[in-house]
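Per-entry structural report
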Amino acid sequence: MATSNKPLVWAVFAAGGTLAAFVLPAIIFSLTLGVVLGWIPPEALAYERAIAGMQSPLAKLAAFAVIVPILWHAAHRLRITAHDLGVYADGLVMLICYGIAALGTIATLVALLGL
Amino acid sequence: MIRGPYVRPVGRYSWWLSQPRYIRYMLREVSAAFIGAYILMLIVGLLRLSQGPAAYESYLTAVLSSAGVAFGLITFVFAVYHSLTWFRVTPKAMPLRMRGKAVPPAIIVGAHWLGWAVASLLILLWVAV
Amino acid sequence: MRETIHQLEVLRYDPETDTAPHFQTYAVTCQEDWVVLDAINYVKENLDRTLSYRWSCHMAVCGSCGMVVNGEPVLSCHAFVRDYPEKIRVEPLANFPIERDLVVAIDDFVEKLTSVKPYIISAEERPVESGENLQSPEQLAVFKQYADCINCLLCYSACPQYALNDSFIGPAALALAHRYNLDSRDEGRSARADVVASNPGIWECSFVGACSEVCPKDVDPAAAIQQTKIASTVDYFMRFLMPWRKQ
Ligand code: SF4
Ligand code: FES
């Protein structure tokens, strides 16, 4: 049997899944729910503050390191889920899932470099 | 003896509805749809941020609209479910042995919960203060 | 001792006369300490001698009496009737072809188990004169859990990926492969990787975890498969980073 190339994408899946488990609930909370509940002052998300916070190279690096693996984690898991739900056209599913993740990766780079 | 093995059909689209544990599994997997969409939303946010104050303000309005908040709430629930299921199985994937003895899974899970709490606190503080 | 009457619904299939399986119900007066296998034995001895099923030890060690009872794969010698409602529905293990009544054809599993080379492999032949192949209790403890498998196939019955993908090697066989990979006396990991680390091997698993939930021996095949995924991923990247390194 041929050697599988799954480790390539599985490594990103595992890394992204771990990252998401540690940071995503807090990110969603602080950027959406916390504001609605009044835990986070709305000024915290204001433009001046956001751009100042995101312009430091460290913040850019962190944003990239969080966003990209989690995106690929979701893409890979959805590919498997499509098969679980009876969609057996794996080639097409792969193209869509990984394609969106690749575009998202490029968009993240563009955004971060443009800040 | 006559052999004529009978193969029972498997529901290609519906198998996961047949047992509660399969439904729980499917909920865990579907979390990826919401998590993926939320990440794409964050990427859009970064793009809008790089396009200036007006673009960013309209993005923020959309995120904090009732639809945006509803989406955030659902994704939050799925994200927490993802964290819980992910940490629960971590000791299976990465068992630890110390001085020839297996570290109890509960300790490994507990350590991850602690790390989760610390990371969450840091993120909240970074955004809020 | 308390007695209860249970309606035992048993899936019957006779390849010589039936085109599809069907349920047949027997009213069985059960003793309080009976297991489902006792009730089935009662049927065989007193009500219907044509019923076919497998069992041997009646003590959860031989692994031959696996059945699906009220939807859950169990060892029928290990499932007390008093834990079930009045109606007990007994079916053969899922995901295997039915040979006859509660007997399933396990040829596919045996073939796959064989394919992962579930035995100790030494790089060089060890003549008898070289003595025992020693192992410390600590080295044994590393894999002991995965050596407890009794090949009952409850895990295959619970696994949706085995149900959906004919080629998937499946939980018990992969757990056994892991058991030998972890054995300090074994040197066959790369010989096994051909099958184990292939797509139909560990990579068909999506970590549903049902196998570990139903396993009567706490083997935890799902854990074995995830650990193998990590080890295979390390192997994969090592091949690129250090191509000169022999596996
Ligand atoms: S791993 Fe557990 S459930 Fe599977 S065959 Fe072995 S003992 Fe049975
Ligand atoms: S009869 Fe041997 S395991 Fe049940």
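Residues numbered from 1 in each chain as written. Chains lettered and ligands numbered in written order. Predicted model: local features only at pLDDT ≥ 70, side-chain atom pairs only at ≥ 80, totals over all residues. Heavy atoms only, no water.

What follows covers the overall build of chain B. Of the regular secondary structure elements, chain B holds 4 helices and 2 strands. Of the regular secondary structure in chain B, the N- to C-terminal order runs α-α-α-β-β-α. Taken against the 2.2 N^0.38 rule, which gives 14 Å for 129 residues, the C-alpha radius of gyration of chain B at 22 Å runs more than 25% over that of a compact globule. For the C-alpha atoms alone, the extent of chain B along its principal axes is close to 80 × 45 × 20 Å. A burial count over chain B gives 38% of its 129 residues as buried. A separation of at least 24 residues holds for 47% of the contacts in chain B among residues at least 6 apart in sequence. (Helix = DSSP H or I, 4+ residues; strand = E, 2+ residues; numbered from the N terminus. Rg over C-alpha atoms; globule rule 2.2 N^0.38 Å. Buried < 20%, exposed > 50% of the residue type's maximum accessible area, 1.4 Å probe, protein only. Contact = heavy atoms within 4.5 Å.)

Residues and elements named next belong to chain C. Spatially, 2-1-5-3-4 is the arrangement adopted by the 5 strands of the open sheet, whose pairing is mixed. Single-partner strands in this sheet number two, and they are strand 2 (22–31) and strand 4 (72–75). Sheet twist, expressed as the average angle between the axes of neighbouring strands with direction ignored, equals 35 degrees. Note: strand 3 (residues 66–69) against strand 4, 4 bridges, orientation antiparallel. Looking at strand 4, one finds that V68 is bridged to P73. In the packing of helix 1 (residues 36–47) onto the sheet, the strands contacted are strand 1 (3–12), strand 2, strand 3 and strand 5 (87–91), and the crossing angle to strand 2 comes to about 105 degrees. (Pairing = 2+ DSSP bridges. Axes fitted to C-alpha atoms, helices over the stretch in contact; angles between N-to-C directions.)

With that settled, consider the pattern of salt bridges. In total, this model carries 20 salt bridges over all chains according to the counting rule given. The partner of R77(A) in a salt bridge is E29(B), and the shortest N-O contact between them spans 3.4 Å. You can see R77(A) sitting in helix 3 (residues 57–84) and its partner E29(B) sitting in helix 1 (residues 20–50), one on each of two chains. Like R77(A), the residue E29(B) is buried in the burial classification. For K87(C), the salt bridge identified is with E9(C), shortest N-O distance 3.8 Å. (Salt bridge = Lys/Arg side-chain N within 4 Å of Asp/Glu carboxyl O.)

Attention now goes to the side chain of E99(C). Tracing the backbone shows E99(C) in strand 6 (residues 98–100). Side-chain polar atoms of E99(C) contact the side chain of R3(B), separated by 2.8 Å. Residues in contact with E99(C), not counting those within four places in the same chain, are R3(B), P5(B), Y13(C), P15(C), V104(C) and A105(C). (Polar contact = N/O pair within 3.5 Å; in protein donor to acceptor, adjacent residues only side chain to side chain.)

This part covers the packing of helix 3 of chain A against helix 4 (residues 90–114) of chain A. Residues and elements named next belong to chain A. With their axes 9 Å apart at the nearest point, helix 3 and helix 4 run at an angle of 170 degrees to one another. Taken as axis vectors, helix 3 and helix 4 run roughly antiparallel relative to one another. Counted together, K60, A63, F64, I67, V68, L71, W72, A75, H76, L78, R79 and A82 of helix 3 and D90, V93, M94, C97, Y98, A101, A102, G104, T105, T108, L109 and L112 of helix 4 form the full contact between these two elements. Counted by class, the contact of helix 3 with helix 4 contains 17 nonpolar, 4 polar and 3 charged residues. (Parallel < 35°, antiparallel > 145°, perpendicular 65-115°, else oblique. Nonpolar A, V, L, I, M, F, W, Y, C, P; charged D, E, K, R; others polar.)

Now for the site of ligand 1. In the vicinity of ligand 1, the contacting residues are C149(C), I150(C), N151(C), C152(C), L153(C), L154(C), C155(C), A172(C), C215(C), P216(C), V219(C) and P221(C). Of the residues belonging to the shell around ligand 1, the class tally is 11 nonpolar, 1 polar and no charged. (Near = heavy atom within 4 Å.)

Looking now at the interface of chain A and chain B. In this assembly, 53 residues from chain A lie in contact with 52 residues from chain B. Three residues, F22(A), Y47(A) and R77(A), lead the burial of chain A against chain B; their summed loss comes to 16% of the area buried on that side. There are 1 salt bridge connecting chain A and chain B. Counting the contacts that link chain A with chain B gives 14 residue pairs in polar contact (both at pLDDT 80 or more). Listing elements by their share of the side of chain A that touches chain B, those giving two or more residues are helix 1 (6–37), helix 2 (47–55), helix 3 and helix 4 of chain A. (Buried area = accessible area lost by both parts, 1.4 Å probe.)

Okay, the side chain of T228(C) next. With respect to the helices and strands, the residue T228(C) is situated in helix 9 (residues 221–241). Discounting chain neighbours no more than four positions away, the residues touching T228(C) are H178(C), V196(C) and I202(C).

This part takes up unusual backbone geometry. Here D101(C), not a glycine, exhibits a phi torsion of approximately 45 degrees, which is positive. Mapped onto the elements of the fold, D101(C) is located in the loop between strand 6 and strand 7 (103–104).

A word on the environment of L33(A). By the element assignment, L33(A) lies in helix 1. A residue is classified by how much of its surface remains accessible, and L33(A), at 7% relative accessible area, is buried. For the pair L33(A) and A14(A), spaced 19 residues apart in sequence, the C-alpha separation works out to 27 Å. The residues touching L33(A), leaving out its near neighbours within four places in the chain, are I28(A), V69(B), G72(B), L73(B) and F76(B).

Once that is clear, we can look at the nonpolar core. Residues and elements named next belong to chain C. If you look at the biggest cluster of nonpolar residues, it comprises 76 residues, and the most contacted ones within it are L8, I40 and Y156. It is helix 6 (residues 171–181) that provides the largest number of residues to this core, a total of 6 residues. In this structure, I40 is in contact with L8, L51, Y53, M67, V90 and L102, ignoring residues within four places of it in sequence. (Core = buried A, V, L, I, M, F, W, Y, C linked by side-chain atoms within 4.5 Å.)

Taken together, the contacts link 18 residues of chain C with 14 residues of chain A. With both chains or domains summed, chain C and chain A bury close to 1400 Å², and 63% of this area falls on carbon and sulfur atoms. Area buried by chain C at its contact with chain A is led by L164(C), W203(C) and Y236(C), which between them contribute 37% of it. Where chain C meets chain A, there are 0 salt bridges. Sorting the residues of the side of chain C that touches chain A by element identifies helix 5 (160–164), helix 7 (189–196) and helix 9 of chain C as the ones contributing at least two each. Looking at which element gives the most residues to the side of chain C that touches chain A, the answer is helix 9 of chain C, with 7 residues. Here the residues of the side of chain C that touches chain A are counted per class, giving 8 nonpolar, 7 polar and 3 charged.

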